[in-house]
Amino acid sequence: MTETEPRICVHGLGYVGLPMAAVLANSGYEVYGFDVDPAHRSDLTEGSFDLEEPDLDRFVRRALEDGLTIVSQPQEAEFHIICVPTPYDKDLDRTDLSYVEAAGKTVAEQLREGDTVILSSTVPPGTTAGRLREVLEESGLSASEDITLGYSPETVLPGNTLTELRENDRIIGTVAGGPTDRIVALYDSFVSGDVRTADATTAEFVKLIQNAYRDTNIAFANEIAKLAHEFEIDSREAIAMANEHPRVEILRPGPGVGGHCIPIDPLFLNHGNDIPMLIETARRVNDGMPEFVIKLLSAALSDLEGSRVALLGVAYKGGVSDVRETPSLVIAEELLERGVDELRLTDPYVESDDIDYELSSLEESLNDVDAAVLVTDHPEYGALSPKTFVDRMRGNVIIDTRAMLDEDRWETAGINMYQV
Ligand SMILES: NC(=O)c1ccc[n+]([C@@H]2O[C@H](COP(=O)([O-])OP(=O)(O)OC[C@H]3O[C@@H](n4cnc5c(N)ncnc54)[C@H](O)[C@@H]3O)[C@@H](O)[C@H]2O)c1
Ligand SMILES: CC(=O)N[C@@H]1[C@@H](OP(=O)(O)OP(=O)(O)OC[C@H]2O[C@@H](n3ccc(=O)[nH]c3=O)[C@H](O)[C@@H]2O)O[C@H](CO)[C@@H](O)[C@@H]1O
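Quantities reported herein were computed from a predicted structural model and do not represent experimental measurements.

Moving on: the overall build of the protein. Within the protein, the regular secondary structure consists of 15 helices and 15 strands. Principal-axis analysis of the C-alpha atoms gives the protein an extent of 70 × 50 × 40 Å. Buried positions account for 50% of the 420 residues belonging to the protein. Considering only contacts in the protein between residues 6 or more positions apart, those separated by 24 or more positions represent 72%. Here the protein displays about 19,400 Å² of accessible surface, and carbon together with sulfur accounts for 47% of that area. Distance between charge centroids for the protein: 2 Å, based on 34 positive and 78 negative side chains.

This paragraph deals with the packing of aromatic side chains. To describe a pair of aromatic rings, you give the distance between the ring centres and the angle between the ring planes. As enumerated under the stated definition, the model contains 3 aromatic pairs in all. Ring geometry for Tyr88 and Phe268: centres 6.0 Å apart, planes at 25 degrees, overall stacked. Within this pair, whereas Tyr88 is found in strand β5 (residues 88-89), its partner Phe268 is found in the loop between α9 (235-242) and α10 (278-287), the two being separated by 180 residues in sequence. In this pair, the class of Tyr88 matches that of Phe268, namely buried.

Looking at ligand 1, there are 26 residues lining it, with Tyr15, Val16, Asp35, Thr86 and Thr122 nearest. Gly12 is positioned with one of its backbone polar atoms (N or O) 3.4 Å from a nitrogen atom of ligand 1. A distance of 2.6 Å separates an oxygen atom of ligand 1 from a polar side-chain atom of Thr86. Alone, ligand 1 offers 830 Å² of accessible surface; in the complex the protein occludes 90% of this. When residues in the shell around ligand 1 are grouped by element, the largest group, 3 residues, is from helix α4 (residues 98-110). Of the residues belonging to the shell around ligand 1, the class tally is 13 nonpolar, 8 polar and 5 charged.

The next subject is the site of ligand 2. The local shell around ligand 2 holds 20 residues, among which Val156, Lys207, Arg214, Cys261 and Tyr316 are the closest. Backbone polar atom of Val156 to an oxygen atom of ligand 2: 2.5 Å apart, as the coordinates give it. Within the side chain of Arg402, a nitrogen or oxygen atom sits 2.8 Å from an oxygen atom of ligand 2. In isolation ligand 2 has 760 Å² of accessible area, and contact with the protein removes 90% of it. Within the shell around ligand 2, the residues separate by chemical class into 9 nonpolar, 5 polar and 6 charged. Each of two domains, domain 1 (7-198) and domain 2 (288-419), supplies a minimum of three residues to the shell around ligand 2.

In terms of burial, strand β12 (residues 342-346) is largely enclosed, as 4 of its 5 residues are buried. Following the chain from strand β11 (residues 308-312) across helix α12 (residues 327-337) to the adjacent parallel β12, one finds a crossover that is right-handed.

With that settled, consider α10. If you check which residues of α10 are buried, you get Ala282, Arg283, Val285 and Asn286. Seen from one end, α10 has its buried residues packed into an arc of 165 degrees, which puts them on one side. Facing away from the buried side of α10 by more than 90 degrees, the exposed set consists of Arg284 and Asp287. On its buried side, α10 packs onto α8 (200-230) and α11 (289-301).

Reading across from one edge, β12-β11-β13-β14-β15 is the order of the 5 strands in this open sheet, with parallel pairing throughout. Two strands in the sheet have a free side with no partner beyond their single neighbour: β12 and β15 (416-419). Sheet twist, expressed as the average angle between the axes of neighbouring strands with direction ignored, equals 15 degrees. The pairing of strand β13 (residues 371-374) with strand β14 (residues 397-400) spans 4 bridges and is parallel. Looking at the pairing, Val373 lines up with Ile399 of β14. Docked against the sheet, α12 engages β11 and β12, running at close to 175 degrees with respect to β11.

This paragraph deals with a nonpolar patch on the surface. A contiguous nonpolar surface patch, about 310 Å² in accessible area, is contributed by Leu227, Phe231 and Ile233. Take Ile233: it is sitting in the loop between α8 and α9. For Ile233, a relative accessible area of 45% corresponds to the partly exposed category.

A few words now on a negative patch on the surface. Together, Asp50, Glu351, Asp353 and Asp354 give the surface a local cluster of negative charge. Position of Glu351 among the secondary structure elements: in the loop between β12 and α13 (362-366). A relative accessible area of 52% means that Glu351 is categorised as exposed.

The next thing to look at is the UniProt feature "domain: UDP-glucose/GDP-mannose dehydrogenase C-terminal" (unreviewed entry) in the protein. UniProt's entry tags residues 310-407 with the feature "domain: UDP-glucose/GDP-mannose dehydrogenase C-terminal" (unreviewed entry), counted in the numbering of this structure. Between the first and last C-alpha atoms of residues 310-407 the distance is 19 Å; the span itself is 24% helix and 16% strand.

Moving on: the sheet that holds strand β7 (residues 116-119). Working definition: the strands of a sheet are paired by backbone hydrogen bonds and lie parallel or antiparallel to each other. Pairing within the open sheet is mixed, and its 8 strands lie in the order β3-β2-β1-β4-β7-β8-β9-β10. The sheet is open, and its two edges are formed by β3 (68-71) and β10 (195-199), each paired on a single side. Across the sheet, the mean angle from the axis of one strand to that of its neighbour is 25 degrees, orientation sign disregarded. The pairing of strand β1 (residues 7-11) with strand β4 (residues 79-82) spans 4 bridges and is parallel. Across the sheet, residue Cys9 finds its bridge partner in β4, namely His80. Sheet contacts for α4: β1, β4 and β7; angle to β4, the most-contacted strand, approximately 170 degrees.

Conventions and cut-offs
Residues numbered from 1 in each chain as written. Chains lettered and ligands numbered in written order. Predicted model: local features only at pLDDT ≥ 70, side-chain atom pairs only at ≥ 80, totals over all residues. Heavy atoms only, no water. Helix = DSSP H or I, 4+ residues; strand = E, 2+ residues; numbered from the N terminus. Buried < 20%, exposed > 50% of the residue type's maximum accessible area, 1.4 Å probe, protein only. Contact = heavy atoms within 4.5 Å. Areas by Shrake-Rupley, 256 points an atom, 1.4 Å probe, with all protein chains shown as cover. Lys, Arg positive; Asp, Glu negative; His and termini not counted. Charge placed at Lys NZ, Arg CZ, Asp CG, Glu CD. Phe/Tyr/Trp six-rings, centres within 6.5 Å; stacked < 30°, edge-to-face > 60°. Near = heavy atom within 4 Å. Polar contact = N/O pair within 3.5 Å; in protein donor to acceptor, adjacent residues only side chain to side chain. Nonpolar A, V, L, I, M, F, W, Y, C, P; charged D, E, K, R; others polar. Domains from an automatic or database assignment. Right-handed = clockwise from strand over helix to strand, strands pointing away. Arc of directions from axis to C-beta. Pairing = 2+ DSSP bridges. Axes fitted to C-alpha atoms, helices over the stretch in contact; angles between N-to-C directions. Patch = residues over 30% accessible without salt bridge, like charges linked within 9 Å, V, L, I, M, F, W, Y side chains within 5 Å. Salt bridge = Lys/Arg side-chain N within 4 Å of Asp/Glu carboxyl O. UniProt positions renumbered as here; feature names shortened; annotations may be inferred.

See below:
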């Protein structure tokens, strides 16, 4: 690395910021990683963390050995990249931008003429050119003349973070017609995908419509599953056949949509307008899926009250330990409210500390239950054997929300199978 190579300060070292800081450090940049959480900073400094994706874990550890310095105060740098949370405040019906504002204020204290600031958090369109610009300009520097202010969304898929961080195409948007070349050069130095440019508001919008698109498509699949049930049709068989058409590609029905992004980001689109109808309806369809799963279960058991039920999988999707917005916990809460006597939860990836429920092993969770509900499509569940269930359960009902189990084989083994 030459002395002219820019220094980079990454603000917020969570799911997005930490891999970003690591990829920059491993590309040869001098990177400062700042997070407001002192416990998180010291865990990173001492190496006492365990990222669920092993390749990512090794990658971050390598960066921490050389190139990435965890700092307790933001540092002066030629680039500041902001990756802080942007939760949706359901009571106020708007995005909580307080973390972006707080990060903007600390960046403003370090800012010098010629520096570049890039927001990477998911935000409502207009945030970078609006609120963030105002906060940064409190430094006395102008976003149109003295600094470059840009937005670049992160699109990594949890479970495949490292590959997507390096390979996904990127969009770089700047405000006030600011130059994109420096930011493009930075991303080009570690991204193998295409790097495209736009204005910041377009870049913010693109990120939101990508997730709204996915949410809407999953909602379509879920609605098809409910309709198929009504007509006593196997939804998966029908979808597979429909997908043989060259212009049809229906996604997989399931227990609902979880995760940190897809159930939240579409809500950012109705800021200052009441246009979304399809997008909001899709949200409602997906949020209604836990109820559909419970409907299947209660029909199969005839009485939920006093029953014992095992939920297989707590994470929001297969192969990850993330429980944010997971349909599994919605189902759990609702089942307890409806009088289920004993509820067992099991998950090969999730730790008990991360949820308000005790976790059991798969085998323990099945002992003497009336029904098991497969909620998460963890790859391990594809290899389950009906014998384990028949030997341990007192009932014989299985709701397979992901259609992972071979219906004929399980039915032959004496299981009453229901699929979403
Ligand atoms: N998780 C994903 O897969 C994903 C993917 C794409 C985009 N996003 C978006 O990226 C943003 C960050 O998400 P995340 O999942 O990394 O969040 P996260 O909660 O995992 O991490 C955010 C980190 O920022 C820190 N922080 C909060 N305020 C700060 C401040 N003022 N200065 C410095 N650090 C601060 C927190 O302590 C935390 O460690 C969000 O807008 C999210 O919607 C997330
Ligand atoms: C546009 C897009 O791809 N965005 C990705 C998304 O990442 P994600 O992990 O949230 O996305 P999914 O894997 O789609 O899972 C979401 C939920 O939908 C369920 N599901 C999925 C497919 C299906 O056919 N049927 C389903 O029921 C699944 O189980 C889970 O609960 O947001 C990130 C942050 O913005 C992005 O960075 C990342 O690119």
